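Single-letter residue listing:
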Amino acid sequence: MPEEYFTKSERSDVVRLCSALIRRTRDVLLPGDIRTIRNVITEGINENHYRRDKYGINPTIRNLNTALLLSEKIAPDRDMTIAILLYNLCKTEFIPAEELQKRFGDDIAKLINGLLKVSQLYKKQAAVQSDNFRNLLLTFAEDIRVILIMIVDRLGIMRMINHHPNEKFVRDIAYEANYLYAPLAHRLGLYSIKSELEDLSLKYTNRETYTQIAHKLNETKVARDKYIADFIAPVKKRLEENGLNFEIKGRTKSIYSIWNKLKKQNTDMEHIYDLFAIRVILDTPVEREKIDCWMAYSIIVDMYKSNPSRMKDWLTIPKSNGYESLHTTVYGPEGKWVEVQIRSKRMDDIAERGLAAHWKYKGGHSEQNLDVWMNSIRDILEAAESGPMELMKGIKMDVYNKEVFVFTPKGDLYRLPLGSTILDFAFQVHSKLGCTCTGGKVDGKNQKLNYKLKSGDTIEILTSSNQTPKQDWLNFVVTSKARNKIKQTINELNNKSADLGREMLQRRFKNRKIEIEEGTLMKAIKKLGYKTVTDFFSAVGHEAIEINEFIDTYLGVELKEKQATETKSADTFEMMQPTATETEGSDVLVIGDDIKGINYKLARCCNPIFGDDIIGFISSEGAIKIHRHDCPNAKHLCEKFPYRKIASRWSGKMGSQYAVTLRIVGHDDVGIVTNITSIISKESKASLRNIAIDSHDGLFQGFLVIGVGDTKLLNELIKKIKAVKGVKDVQRSN
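Summary of the structure given here.

Reading the values: the criteria
- Residues numbered from 1 in each chain as written.
- Predicted model: local features only at pLDDT ≥ 70, side-chain atom pairs only at ≥ 80, totals over all residues.
- Heavy atoms only, no water.
- Helix = DSSP H or I, 4+ residues; strand = E, 2+ residues; numbered from the N terminus.
- Contact = heavy atoms within 4.5 Å.
- Areas by Shrake-Rupley, 256 points an atom, 1.4 Å probe, with all protein chains shown as cover.
- Salt bridge = Lys/Arg side-chain N within 4 Å of Asp/Glu carboxyl O.
- Buried < 20%, exposed > 50% of the residue type's maximum accessible area, 1.4 Å probe, protein only.
- Axes fitted to C-alpha atoms, helices over the stretch in contact; angles between N-to-C directions.
- Parallel < 35°, antiparallel > 145°, perpendicular 65-115°, else oblique.
- Nonpolar A, V, L, I, M, F, W, Y, C, P; charged D, E, K, R; others polar.
- Expected span 1.5 Å × (residues − 1).
- Polar contact = N/O pair within 3.5 Å; in protein donor to acceptor, adjacent residues only side chain to side chain.
- Phe/Tyr/Trp six-rings, centres within 6.5 Å; stacked < 30°, edge-to-face > 60°.
- Pairing = 2+ DSSP bridges.
- Core = buried A, V, L, I, M, F, W, Y, C linked by side-chain atoms within 4.5 Å.
- Arc of directions from axis to C-beta.

## Let's talk about the overall build of the chain
- When helices and strands are counted, the chain shows 27 helices and 20 strands.
- Considering only intrachain contacts with a sequence separation of at least 6, the fraction spanning at least 24 residues in the chain is 68%.
- Summed over all atoms, the accessible surface of the chain reaches about 39300 Å², with 49% contributed by carbon and sulfur.

## Considerations on the pattern of salt bridges
- As enumerated under the stated definition, the model contains 26 salt bridges in all.
- When the shortest N-O distance is used, the salt bridge between Arg 288 and Asp 292 registers 2.8 Å.
- Here Asp 292 falls in the buried class, since its relative accessible area comes to 6%.
- Across the salt bridge formed by Arg 346 and Glu 324, the nearest N and O atoms sit 2.9 Å from each other. A residue pair is termed long-range when its members are at least 10 positions apart, and Arg 346 in helix α15 (residues 345-353) and Glu 324 in the loop between β4 (312-313) and β5 (326-331) qualify at 22 residues. Glu 324 shares its class with Arg 346; the two are buried.

## Some points on the packing of helix α11 (residues 207-219) against helix α13 (residues 255-265)
- The interhelical angle for the contact between α11 and α13, taken along N-to-C directions, is 105°, at an axis separation of 10 Å. It follows from the interaxial angle that α11 and α13 lie roughly perpendicular. Contacts between α11 and α13 involve Thr 209, Tyr 210, Ile 213, Ala 214 and Leu 217 from the former and Ile 255, Ile 258, Trp 259 and Leu 262 from the latter.
- A breakdown of the residues in the contact of α11 with α13 according to their chemical character gives eight nonpolar, one polar and no charged.

## Looking at helix α3 (residues 59-73)
- Between the first and last C-alpha of α3 there are 20 Å, a value that for 15 residues agrees with the 21 Å anticipated at 1.5 Å per step.
- For α3, the tally of buried residues reaches 13 of 15 residues, placing the bulk of the element in the interior.
- The N-capping residue of α3, defined by a side-chain oxygen 2.9 Å from the backbone nitrogen of Thr 60, is Asn 58.

## Here we look at the packing of aromatic side chains
- Under the definition given, this model contains 14 aromatic pairs.
- Between the aromatic rings of Tyr 191 and Tyr 323, the centroid separation amounts to 5.3 Å while the plane-to-plane angle is 80°, which identifies the pairing as edge-to-face. In this pair, Tyr 191 is assigned in helix α10 (residues 191-205) and Tyr 323 in the loop between β4 and β5, connecting sequence segments 132 residues apart.
- With centroids separated by 4.7 Å and ring planes inclined at 15°, the aromatic side chains of Phe 231 and Tyr 304 adopt a geometry described as stacked. One end of the pair, Phe 231, is in helix α12 (residues 221-241); the other, Tyr 304, is in the loop between α14 (289-303) and β3 (305-306), with 73 residues separating them in the sequence.

## What about the sheet that holds strand β16 (residues 645-650)?
- An order of β12-β16-β14-β15-β13 is seen for the five strands of this open sheet, with the pairing classed as mixed. In the strand order of this sheet, the two ends are held by β12 (589-591) and β13 (600-602), each with one partner. Direction aside, neighbouring strands of the sheet carry axes that sit 35° apart on average.
- In this structure, β12 lies alongside β16, joined through three bridges in parallel fashion. The residue of β16 that forms the bridge with Val 590 is Arg 649.
- Seen against the sheet, helix α25 (residues 632-640) touches β14 (614-618), β15 (624-628) and β16 and runs at an angle of roughly 50° to β14.

## Some details on the nonpolar core
- Of all hydrophobic cores here, the largest spans 68 residues; its most connected members are Leu 86, Ile 151, Met 158, Ile 161, Ile 193 and Leu 197.
- When sequence neighbours within four positions are dropped, the list of residues in contact with Ile 151 reads Tyr 181, Leu 184, Ala 185, Leu 188, Leu 190, Ile 193 and Leu 197.
- Among the nonpolar cores identified, the runner-up in size contains 31 residues, and Ile 591, Ile 609, Ile 618 and Trp 650 belong to it.

## Some details on the environment of Ile 193
- Looking at the secondary structure, you find Ile 193 in helix α10.
- Excluding residues that lie within four positions of it along the chain, Ile 193 makes contacts with Lys 73, Ile 74, Ile 151, Val 152, Leu 155 and Ala 185.

## Notes on α25
- Among all positions in α25, only Ala 634, Leu 637 and Cys 638 are buried. Down the axis of α25, the sector holding all buried residues measures 100°, keeping them to one side. Opposite the buried face of α25, by more than 90 degrees, sit the exposed residues Pro 632, Lys 635 and Glu 639.

Structure representation (structure tokens):
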């Protein structure tokens, strides 16, 4: 091993760390593991594959620290320990993937591969950017043990960099620990690690504040210890008199926690009443845990007046990370409020050591528990909108007669209207979850979508990527969020399918060199029994209609129409044409609400409104259809049947409102839709009839159907909407 690889102090550290690690893991390592790992690491160091990083951190000491912390803070584990020690040698490809799997097994290879994926994210500098937070942790969630290793490693490196010369490096590591790893440790129930990460983060980012609080705590330590002893003595006596076996102790809150209280309460340390907490840990069998905890609670609140608003019951409903305890705040001697925590030894072990204690007390295999926790972490992260989720501070069941209170498997509480179903709950959690919901498990039992929730139910939503909202869902959902999203999604799916069907039909007609005539098309669609054009085109898009067969139907209708109406059309045209005398000075059809006796209709394809340049077209039925001059259908009809064309204009008086659809595109900013609808509502001569909004990747696209009297008002509205901040484009879509 090169002499220059370790400094003198580092050599002492290596000896100390190795000895401690061997003692901690001797019961889990296999015979020969220590010799094998030592030989591999020594060989890697000799061949310069175990190099210091760019900040001068020695990876050997870092990995030994991490492995030792893992065994101390969580649990000794063979595969995780070996993965930590071999990681750097795999990162430099000293140990190829095939050899790693062959020599050390699939599980160790899996863990190291997870750590290597994480290192790739760090190369992209995506560690603590809020936009990448979710993706980063989802990568972690491939194996929960990778998360545990990363958390413990971060604690180890935080301990190592106290006086590191690169201040930016220290601040970046500290910020990342506070933003990313401390909340994750909290979520997993690793409270001691979480508290130390937060304290060290404060120390490195605000050393002055950290030092002030630490000095203040030291100054008041003697008085605080005396107060704790005086508080504990009578409580201890009463608990013993009631036959309880227990340990009672006081602990000072973390420096970071105190700093948070100082900020939130905008005060100084003299006015913070809960700088410390009393913990009662009962030595009692599992079957008597809750009974004895509540007994201890009753004794304490009988001795000291309690503050009901600060009572937290995590016995009845544990936190989602497994934390169980009773918290109460009582009015102690000298008029001071004191927080008291009551729990069993098993609960305390879980609170201190998180997942490892769960596996120990559940008595199951670690892999099964890991799968449960991996799924839990993934659910937590996908539900989050941005950044780490804040844990629930407590759950209290207050059931009202018009509401139901139900829980997720993680313990999160949701309130819904009475009569809500599993499907309502799925949409309440997330719209995507609702759209793909196939049912759910209620307290472990499978139930259908329309199962009506009862207060206290624990709901696990079941989904399928092939599931889409159905029309009959509207028959049993009760929340407006669910109803609106179902309707919106069904319309979107139908419109998307209809657009596809229209394109397929037009392409097939074009291939067969057949021009589509609107009237004939409508008759052919009606002949097949479809009520709306959208339904028909949607069926084409879903391939429920054979297009070639429909074309045959269309041609049959066209042939029959020509035979039956060709003469009628010509006669109608002659009858409706003005005579030479009549056309002198006025050969234009005049329409409007004040014009009576003329059989005309406004074409739906372009929806002309008062003020548009228009043109009339005599249909085969004899009625006159009014199109906008720029309507593609009108252009096609005039080219095919020029003798049916009639010049037209509006009368001088404006009539009732006309429906116009506007397509709006803009940035998905808060309040932008409200601003747009407000503009329309302020116009006394305009009305908002329908609105459909869809957002994606920070942009939104909306369709507004508004009622206006003429083009002048329409153009003014478009101009005002374009002026709204965030709006990129406004176009009339018909």
